[in-house]
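# Breakdown of the fold
So the chains spell out like this:
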Amino acid sequence: MRSFYITTPIYYVNDKPHIGHAYTSIAADVLARWHRLSGDDVWMLTGTDEHGQKVLRSAAARGLSPQAHCDELSVAFRELLAVVGVQNDDFIRTTEPRHSTVVQATLQHLFEQGDIYAADYEGWYSTAAERFWTEKDLVDGKCPDSGLPVEWVTEKNWFFRMSKYADQLRAWIDANPGFLAPESRKNEVLGALRKDIGDLCISRPKERMSWGIELPFDRDYVTYVWFDALLNYVTAIGYHPDPAKRGPDFARRWPASYHLVGKDILATHSIYWSTMLFALGLEPARCLYAHGWWMVEGRKMSKTLGNVVDPHLLVRAYGAEALRYFLMREIPFGGDGDFSHQAFLTRYNADLANDLGNLAHRSLSMTEKWLGAVVPALDASTPADLALEALAEQVATGFRAAIEAAQLGRALELLWELVRAANKYVDTEAPWALNRNGQTERLAGVLRRCLEVCRVAAVHLAPVCPEKSAELCRKLGLQGVVFADHGSLNGLRAGAPVLAGEPLFPRLLELPEEIASTLAAALAAEAAAPAPVKASKPAPSPKPSPSSPTMSENTSVDAVPAAPDAPAPGPALIEYDDFAKIALRTGDVLAAARHPKADRLLVLTIDLGEPEPRTIVAGLASTYAPEALVGQTVVVVANLKPIKLRGVMSHGMVLAVGGDAGVQALATASAKVGPGTVVR
Ligand code: ME8
């Protein structure tokens, strides 16, 4: 049996989990399920990263001890896995003794090996922000966060000799072309490696930050959170620096087949982690795959926008299986994407309801009606049959190659080529005509091939939509997902009972109510108070680190090694050109009514000085009675793409004042102006 060990990042417990976390975990689950079905010895690991300043601050903000805070949030991450159907084999928390004791043993080992040394770190320290800044970060010589004076501090710290292993890493990347993926990301890492990567500061003095694993050789310090976190990939499978103390599975599972990570943490994984492994005499994982970044409704994910893609909401509204399909299919794995509900609806209806749902439903219904509800016998193949058979084999081969290279979107795209070809086959072979003309043998052969394509689709869809796949297999008279003869159009048992039943994926005519109202409220709140972009990490490309030693912050933005506890990014600055793209106009509210299907929404008729007034749906109903709005002058985003909200097309957005807590007031003009006046 081939070992297949796959990991996700361990997620910070500084906030509740969101769609980005679900994405990586689902992708890992899909690969793990595929390999499990293929008979491999699979192990999937995920977990939570619980130390460091970020987590400490979140706990303090909630008035909880760090451990109590971590215990609570870690459960939320675990629950998310169940909600989105992830079957992980293990879940590691960095506060567990099985991890922390091995981290300490590893540190001691590296210390004794001479790979960890003490040195002074010097920099501008802000007591208010509890962190170091570099000279160029300062604003007028003061802390850019608090505006308060900073002082030059020299602090003893402990450093890992990362630079010693840089050549080995360069050689590794050269010799192992599949190590960094996708290919497009490799250059970022190579670019960073062209410069001096410096050594890595792996300690924090307890007097500044005590929430971490104590250094075994200096009790005044705790371990830098990344050094601690990265080791989870080996501590969870029984690693110990002393080979005699290793767990029984370690040798079999390591090196891992895949580390799946977001592109934001490629640098820490490729540079810090690989050099750490070299120092320990271990090989890196076979493939470090950095996937892309999701935006939401065309914007960076903020706390408010996070609500509209809350995985729990999405699963309630659409079901876990449709969500998994959308996330895996919508963007190529490795590319960036946008989670838009309209795009979700389109993809769901086109692929799941129409293409696959329709093929299954009509093939099964015709078999039920005309062929006694049992799998019919094949007849002699015509050229059209042979073409479909050849395509099925080709798709099965391509699917396997794609999924085994983590090209998840590509694999599904291929599978749908077959599903669509089968729908065309139904149209051209016209089973209804065969039935009408009494050509029973041919009718049986045609429908059998259609059912066979459904089987091929169900089998390949199993890792992505496990329940729907099993349901389809049952309808086809199989006992469960039988993962054999993948591409063969002769995998069913003639005479087995089939059942059309309810459609697999019922059509979604419009956005579900809970989605529509959450979306309208979030868009209104976003417009009223642009949320800081902190929740959505842009992808920093690995930059050259300053000359050694390097001390990195404890957030994952430390792809750019900087001063300790480097800045949490404030609201992102945009170029004037970006702002200028937004057409803001005044509008007079001519009429307002409650939305017939959503409590939180109003349907407004607004005069923007155009030939026709516009209909705009706004999440204002919790604050305003419709009558109160008629006659008001409001500010409208006039060039927002129209969107259907609970069945009503909305042509723009009304700006309102108020953040996450809801709308408090309308943005309006302080003097009487005509409709359609430019606002800037
Ligand atoms: O970085 N799009 O944890 P984290 C796609 N604890 N993926 C996203 C995403 C988005 N908008 N937002 C988050 C950490 N992710 C460290 C990792 S590993 C030893 C330590 C996913 O909670 C993506 O996988 O900030 C990203 O890399 C990860 O969540 C960051 O999670």
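Residues numbered from 1 in each chain as written. Predicted model: local features only at pLDDT ≥ 70, side-chain atom pairs only at ≥ 80, totals over all residues. Heavy atoms only, no water.

Attention now moves to the sheet that holds strand β13 (residues 287-291). As summarised here, the arrangement of the six strands in space is β3-β2-β1-β12-β13-β7, forming an open sheet in which the pairing is parallel. Where the open sheet ends on each side, the last strands, each with one partner, are β3 (90-93) and β7 (180-181). As paired strands, β7 and β13 are joined by two bridges and run parallel to one another. Looking at the pairing, Leu180 lines up with Leu288 of β13. Seen against the sheet, helix α10 (residues 266-279) touches β7, β12 (258-262) and β13 and runs at an angle of roughly 160 degrees to β13. (Pairing = 2+ DSSP bridges. Helix = DSSP H or I, 4+ residues; strand = E, 2+ residues; numbered from the N terminus. Contact = heavy atoms within 4.5 Å. Axes fitted to C-alpha atoms, helices over the stretch in contact; angles between N-to-C directions.)

What follows covers the domain arrangement of the protein. A common way to express how large an interface is: the accessible area buried when the components associate. Taken domain by domain, the protein consists of domain 1 (341-475) and domain 2 (576-666). The straight-line distance from the C-alpha centre of domain 1 to that of domain 2 is 44 Å. (Domains from an automatic or database assignment.)

This paragraph deals with unusual backbone geometry. In this model, Ala181 is joined to Pro182 through a cis peptide bond whose omega is -5 degrees. Mapped onto the elements, Pro182 comes out in the loop between β7 and α6 (183-194). The omega angle of the peptide bond from Trp254 to Pro255 is 0 degrees, so this bond is cis rather than trans. Along the chain, Pro255 falls in the loop between α9 (250-253) and β12. Although it is not a glycine, Asp140 adopts a positive phi angle of roughly 50 degrees. Under the relative-accessibility criterion, Asp140 is labelled exposed at 75%. At Ala430, a position not held by glycine, the phi torsion is positive, near 45 degrees. Counting through the fold element by element, Ala430 comes out in the loop between α16 (408-429) and α17 (431-436). Residue Ala430 is classed as buried on the basis of its relative accessible area of 15%. (Buried < 20%, exposed > 50% of the residue type's maximum accessible area, 1.4 Å probe, protein only.)

Trp254, Leu327 and Met328 are the most contacted members of the largest nonpolar core, which has 192 residues in total. Sorting elements by how many residues they give to this core places helix α18 (residues 440-461) first, with 13 residues. Excluding anything up to four places from it in sequence, Leu327 contacts Ile19, Tyr23, Ile26, Trp294 and Phe339. In this structure, Val589, Tyr624, Val663 and Leu666 belong to the second largest nonpolar core, which totals 19 residues. (Core = buried A, V, L, I, M, F, W, Y, C linked by side-chain atoms within 4.5 Å.)

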